[in-house]
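Residues per chain, in single letters:
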Amino acid sequence: MSDTLLVDEMFYSIQTEGVFAGRPAFFVRLHGCNLRCAFCDTMQDKEKAVKMTPKEITKKAKEIGRGDGLVVLTGGEPLLQNVKPLIDRFIKKGYYVQLETNGTVCQDDLPFGKGLYAVVSPKVKAVHPELIKHGYAFKYSIIKGMQDVNTGLPKGVWQDLKGNDRKKIMVSPVFCNHSVDTADNIAEAVAICKKFGYYLSVQYHKLIQGIK
Ligand code: SF4
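Residues numbered from 1 in each chain as written. Predicted model: local features only at pLDDT ≥ 70, side-chain atom pairs only at ≥ 80, totals over all residues. Heavy atoms only, no water.

A. Region of interest: a positive patch on the surface. Among the surface-exposed residues, Lys55, Lys62, Lys92 and Lys93 lie close enough to one another that they form a single positively charged patch. Relative to the helices and strands, Lys93 is located in the loop between α2 (84–92) and β5 (95–101). Note on Lys93: relative accessible area 45%, which makes it partly exposed. (Patch = residues over 30% accessible without salt bridge, like charges linked within 9 Å, V, L, I, M, F, W, Y side chains within 5 Å. Areas by Shrake-Rupley, 256 points an atom, 1.4 Å probe, with all protein chains shown as cover. Salt bridge = Lys/Arg side-chain N within 4 Å of Asp/Glu carboxyl O. Lys, Arg positive; Asp, Glu negative; His and termini not counted. Charge placed at Lys NZ, Arg CZ, Asp CG, Glu CD. Helix = DSSP H or I, 4+ residues; strand = E, 2+ residues; numbered from the N terminus. Buried < 20%, exposed > 50% of the residue type's maximum accessible area, 1.4 Å probe, protein only.)

Now the structure itself:
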């Protein structure tokens, strides 16, 4: 199977979400997703996506980043492409990789816990069993009024977290074009954290965008 990947964008910035928030990171955004979430903020333009090998991507990481530390592999849905050669190459070079996935698909022989950390963001009713087993954290998108009152997590979305209490459950308020809606979503996420003991994850890259 080819190890060439279709890449939407790469950049070096601060990881502002989830378990590694606050750390500088090299971001690789892979093209394509199997879901169509109404609140998706990812630009997907196949015309602008570029084919790259793992060697070219790690070379770019060294050119524009520190040459070590955190890599965030995101999308779209990165597990729709053959990501193992890239992940293995980054880990071999001393990086550690955060894989952002919607949890609907998985692949064989990924090095979970050995330099690879999966942050699963469930959006539908099912999550792949391997990701339930190996998910390092579970992150949920919060829109005001859409949560199950018993769990504080979105209705209609996988949340069978029994036995996963050692893992981090994070809630992330959805940022909207309308600031009032965003404020409502943040307020609901904060209330959910206080009630259920979850972690709050705020997409504060939306506040530091444009800062080089
Ligand atoms: S899973 Fe993520 S990338 Fe895919 S459509 Fe939903 S929000 Fe967008």
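Next comes the rest of the account.
B. Summary view of the site of the ligand. Surveying the vicinity of the ligand reveals the residues Cys33, Leu35, Arg36, Cys37, Cys40, Gly76, Asn102 and Lys123. Residue classes in the shell around the ligand are distributed as four nonpolar, two polar and two charged. (Near = heavy atom within 4 Å. Nonpolar A, V, L, I, M, F, W, Y, C, P; charged D, E, K, R; others polar.)

C. How the structure looks around the nonpolar core. Counting residues in each nonpolar core, the largest one holds 40 residues, and the members touching the most others are Val28, Ile57, Leu73 and Phe90. When sequence neighbours within four positions are dropped, the list of residues in contact with Val28 reads Val7, Glu9, Met10, Ile57, Val71, Val72, Leu73 and Thr74. (Core = buried A, V, L, I, M, F, W, Y, C linked by side-chain atoms within 4.5 Å. Contact = heavy atoms within 4.5 Å.)

D. Quick peek at the pairing of strand β6 (residues 116–120). With respect to burial, β6 is a largely interior element, four of its five residues being buried. Sheet analysis places β5 next to β6, joined by five bridges and oriented parallel. For Glu100, the partnering residue across the bridge sits in β6 and is Val119. The pairing of β6 with strand β7 (residues 135–142) spans three bridges and is parallel. Counted as the bridge partner of Val119 is Ala137 from β7. Considered for its hand, the β-α-β crossover made up of β6, helix α3 (residues 129–134) and β7 is right-handed. (Pairing = 2+ DSSP bridges. Right-handed = clockwise from strand over helix to strand, strands pointing away.)

E. Fine view of α2. Here α2 has its buried residues at Leu86, Ile87 and Phe90. Relative to the axis of α2, the buried residues are bounded by an arc of 100° and lie together on one face. (Arc of directions from axis to C-beta.)

F. Representation of unusual backbone geometry in the model. With an omega of 15°, the peptide bond between Gly75 and Gly76 qualifies as cis. Inspection of the secondary structure assignment puts Gly76 in the loop between β4 (69–74) and α2. Despite not being glycine, Asp109 shows a phi value in the positive range, around 60°. You can see Asp109 is positioned in the loop between β5 and β6. The exposure class of Asp109 is exposed, given its relative accessible area of 63%.

G. A look at the side chain of Thr58. Note that Thr58 resides in helix α1 (residues 54–64). With relative accessibility at 4%, the residue Thr58 sits in the buried group. A distance of 2.9 Å separates polar atoms of two side chains, one belonging to Thr58 and the other to Arg89. In this structure, Thr58 is in contact with Leu86, Arg89, Phe90 and Lys93, ignoring residues within four places of it in sequence. (Polar contact = N/O pair within 3.5 Å; in protein donor to acceptor, adjacent residues only side chain to side chain.)

H. Summary view of the packing of α1 against α2. Two elements in contact, α1 and α2, have axes whose closest approach is 9 Å; the angle formed by their N-to-C orientations is 40°. With respect to α2, the element α1 is oriented oblique. Once α1 is placed against α2, the crossing between them reads as right-handed. Residues Pro54, Lys55, Ile57, Thr58 and Ala61 of α1 pack against Pro85, Leu86, Arg89 and Phe90 of α2. (Axes fitted to C-alpha atoms, helices over the stretch in contact; angles between N-to-C directions. Parallel < 35°, antiparallel > 145°, perpendicular 65-115°, else oblique. Left-handed = near helix turned anticlockwise from the far one by under 90°.)

I. Here's a closer look at the sheet that holds β4. Strand order in the open sheet made by the nine strands is β3-β1-β2-β4-β5-β6-β7-β8-β9, with mixed pairing throughout. Each having just a single partner strand, β3 (50–52) and β9 (199–200) make up the two edges of the open sheet. Sheet strands touched by α1: β1 (5–14), β2 (24–30), β3 and β5. Its angle to β1, the strand with the most contacts, is close to 15°. The strands that α2 touches are β1, β2, β4, β5 and β6; relative to β5, the one it contacts most, it runs at about 150°.

Shape is all these values report; function is a separate question.
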